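# Survey of secondary and tertiary structure
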Amino acid sequence: GKLAIPGYRTRLERLSGLRPSDGACTEFFAQLGQAERPLLYVGGGVVNGSAAGELRRFAEAFGIPVVTTLMGIGAMDTTSPLSLHMLGMHGAAFANYAVEDCDALIAVGARFDDRVAGVPAKFARGARFIAHLDIDPSEINKVKRVGWSHVGEVAVALQMLREHGEAAGFRPD
């Protein structure tokens, strides 16, 4: 049988209709366009939200490397040249270095937990732009302050961002 979880189901139904506006997409790409070393930080929300395919299309469309959390493993093909594998205390050193070196961090379906961001002030400290896409509004700005966010289904948000960027002719430097 199914367990009735009315509060949870109501919240998901409300969030399923949320999409980033054209203005929000334009702002996102204006910030991303200033980055020289952007990085996608991907968590279990991408896997749980069945958004892996859209994440890959987004990363490939704009040439953005991807690091994953433990729960995000599988969201990106590890044989892809854009895959930098898992970061954090049990992750690959180069994935952690990528986070330290990035100037734009795009967190997708990921939390800034202590296994990844041991000291939040030092995590991605060189990032001038941090974006966060998640289905849980309580995770936005919870540990790490972000400059741009979207609460809703990450597959839909990534698709809309990708389509907006492609239509606007966004090209990574």
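Structure first, text after, so check above.
Thresholds applied
Residues numbered from 1 in each chain as written. Predicted model: local features only at pLDDT ≥ 70, side-chain atom pairs only at ≥ 80, totals over all residues. Heavy atoms only, no water. Pairing = 2+ DSSP bridges. Helix = DSSP H or I, 4+ residues; strand = E, 2+ residues; numbered from the N terminus. Axes fitted to C-alpha atoms, helices over the stretch in contact; angles between N-to-C directions. Contact = heavy atoms within 4.5 Å. Polar contact = N/O pair within 3.5 Å; in protein donor to acceptor, adjacent residues only side chain to side chain. Buried < 20%, exposed > 50% of the residue type's maximum accessible area, 1.4 Å probe, protein only. Arc of directions from axis to C-beta. Patch = residues over 30% accessible without salt bridge, like charges linked within 9 Å, V, L, I, M, F, W, Y side chains within 5 Å. Areas by Shrake-Rupley, 256 points an atom, 1.4 Å probe, with all protein chains shown as cover. Salt bridge = Lys/Arg side-chain N within 4 Å of Asp/Glu carboxyl O. Phe/Tyr/Trp six-rings, centres within 6.5 Å; stacked < 30°, edge-to-face > 60°.

### Let's talk about the sheet that holds strand 6 (residues 148-151)
Pairing within the open sheet is parallel, and its six strands lie in the order 3-2-1-4-5-6. The sheet terminates laterally at strand 3 (83-86) and strand 6, the two strands that pair on one side only. Ignoring which end each strand starts from, the neighbouring axes of this sheet average 15° apart. Here strand 5 (residues 129-134) pairs with strand 6 via four bridges, running parallel. Bridge pairing in strand 6 links His132 to Ser149. Against the sheet, helix 6 (residues 154-167) makes contact with strand 4 (104-108), strand 5 and strand 6, and its axis sits at roughly 135° relative to strand 5, the strand it touches most.

### Digging into the side chain of His164
With respect to the helices and strands, the residue His164 is situated in helix 6. At a separation of 3.2 Å, a polar atom in the side chain of His164 contacts the side chain of Thr26. Setting aside its immediate chain neighbours within four residues, His164 contacts Asp22, Cys25, Thr26 and Phe29.

### Focus: helix 4 (residues 52-62)
The α-helix winds at 3.6 residues per turn, so residues separated by three or four positions along the chain end up facing the same way. The complete set of buried residues in helix 4 reads Ala52, Glu54, Leu55, Phe58, Ala59 and Phe62. In a view along the axis of helix 4, the buried residues occupy a sector of 165°, so they form one face of it. Considering only its buried residues, helix 4 is in contact with helix 2 (22-32), strand 1 (38-42), helix 3 (44-48), strand 2 (66-68) and helix 6.

### Here's the deal with a nonpolar patch on the surface
A cluster of nonpolar side chains, namely Leu3, Ile5 and Tyr8, defines an oily patch on the protein surface of about 310 Å² accessible area. Within the secondary structure, Ile5 is located in the segment before helix 1 (6-16).

### A few points about the packing of aromatic side chains
Using the criterion set out here, one finds 11 aromatic pairs in the structure. Linked through ring pairs, Phe28, Phe29, Phe58, Phe62, Phe129, Trp148 and Phe170 together constitute an aromatic cluster.

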